[in-house]
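Residue-level structure breakdown
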Amino acid sequence: MTVSNNNAGINKNLLILHFTVFVWGFTGILGRLISISAVNLVWYRVLIASLSLFLYFKFNKTAFKVTAKTALKLLLTGALVGGHWILFFASIKLSTVPVTLVCLSSITLFTAIFEPLINKKRISRMEILAGILIITGIILIFKFETQYTKGIIAGLISAVLASLFAIINSRQVKHHQAPVIAFYELSGALLWITIYLFATAGTAGFLIPKAADLGYLFLLGTVCTSLAYVAGVSVMRELSAFRVALITNLEPVYGIIMAFLFFGDMNKMSVGFWVGSVIILSTIFLFPVAQKQVAKRRKL
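What you see is a predicted model, and the numbers here were worked out from it, not measured in a lab. (Residues numbered from 1 in each chain as written. Predicted model: local features only at pLDDT ≥ 70, side-chain atom pairs only at ≥ 80, totals over all residues. Heavy atoms only, no water.)

Observations concerning the overall build of the protein
Scanning the protein for helices and strands turns up 12 helices and 0 strands. Counting from the amino terminus, helix and strand elements in the protein follow one another as α-α-α-α-α-α-α-α-α-α-α-α. In terms of overall size, the protein behaves like a compact globule, its C-alpha atoms giving a radius of gyration of 19 Å where 300 residues would be expected to give roughly 19 Å. Expressed as lengths along the three principal axes of its C-alpha atoms, the size of the protein is roughly 65 × 50 × 30 Å. (Helix = DSSP H or I, 4+ residues; strand = E, 2+ residues; numbered from the N terminus. Rg over C-alpha atoms; globule rule 2.2 N^0.38 Å.)

In structure tokens:
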């Protein structure tokens, strides 16, 4: 009965994660539609998300206070979150939605390397192999899409930051509720981006969005950020950071399809892009199958 309940819990979390990844896939479309700079875009995103979570706590009369030590950790993690999103949207503006989303697939490789080091666990050879295959696909894309070099670099650094805060959250969620973690991290992202904007441009750094951008920003800040972020963190109670990273790599599938529907971006891609993408996405889909086969052989 316990095993059955555990499997049901995992399956439920997998379903939630897949829905969350689909929502994340839509953020690239919004990033392309919103006209303001990447930094300002993320500032409005985390402002709206933080406010929506604060109102959620107040409306439901939910306690969200944590110790000063925990608050500091989560606020610092918010710097990684903010940096990840700024580089993500910068990558989209410097390249295309498909290129950025495929670069984000390298989260698997970085998580396979960082998670064992941070959590002091044995490094999985299979996870490293999956990561190497994914990075091979990225190299192919890099080779053939040289006009997007800056966008690819921004996308890869964005993936490093995403990997790090995902690993941190997989530990934090064992001690705190997902909405609380999301609120402090998003507030931290807001704090650090605000400091950056003031330091670099003063009040002139805070651009007022156009009327056409307001609806997109609201959708980005609520559904695609506060709701999706809470859901993405909550599943880490049952799923490892690597498994979350692996499924997150489905974001390019959803994002590329939507980019084609909205912008026709797929027509701009070279053969090298598609070969690299096939390697990456094949690794994502085949990894769980290979993992099960290895587990069966070990039991024999």
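Section: helix 2 (residues 38-60)
Across its 23 residues, helix 2 extends 33 Å between first and last C-alpha, which sits within 8% of the 33 Å expected from 1.5 Å per residue. Once helix 2 finishes, Lys61 follows within two positions and takes phi at roughly 50 degrees, a positive value. (Expected span 1.5 Å × (residues − 1).)

Quick look at empty space enclosed by the protein
In total, this model carries 1 cavity of 30 Å³ or more according to the counting rule given. Of the voids in this model, the largest cavity is the one considered here, and its volume is about 350 Å³. Lining the largest cavity are 22 residues, with Trp24, His84, Ala162, Phe165 and Thr248 sitting closest to its centre. Residue assignment for the lining of the largest cavity shows that the elements contributing at least two residues are helix 1 (2-33), helix 3 (68-94), helix 5 (107-119), helix 7 (149-172), helix 9 (211-234) and helix 10 (241-248). Partitioned by chemical class, the residues of the lining of the largest cavity number 14 nonpolar, 6 polar and 2 charged. (1 Å grid on protein atoms, 1.4 Å probe; cavity = no way out; pocket = protein on both sides within 12 Å on 5 of 7 lines; lining within 4 Å. Points joined across faces, edges and corners; volume = space filled by probe spheres on them. Nonpolar A, V, L, I, M, F, W, Y, C, P; charged D, E, K, R; others polar.)

A word on a nonpolar patch on the surface
Where nonpolar side chains cluster on the molecular surface, the patch consists of Leu72, Leu76, Leu191, Trp192 and Ile195 and spans about 460 Å² of accessible area. Of all elements in the fold, only helix 3 and helix 8 (178-201) reach the threshold of two or more residues within the nonpolar patch. By secondary structure assignment, the location of Ile195 is in helix 8. (Patch = residues over 30% accessible without salt bridge, like charges linked within 9 Å, V, L, I, M, F, W, Y side chains within 5 Å. Areas by Shrake-Rupley, 256 points an atom, 1.4 Å probe, with all protein chains shown as cover. Salt bridge = Lys/Arg side-chain N within 4 Å of Asp/Glu carboxyl O.)

Considering a positive patch on the surface
There is a patch of like positive charges on the surface, built from Lys69, Lys73, Lys120, Lys121, Arg171 and Lys174. Looking at the secondary structure, you find Lys120 in the loop between helix 5 and helix 6 (125-144). (Lys, Arg positive; Asp, Glu negative; His and termini not counted. Charge placed at Lys NZ, Arg CZ, Asp CG, Glu CD.)

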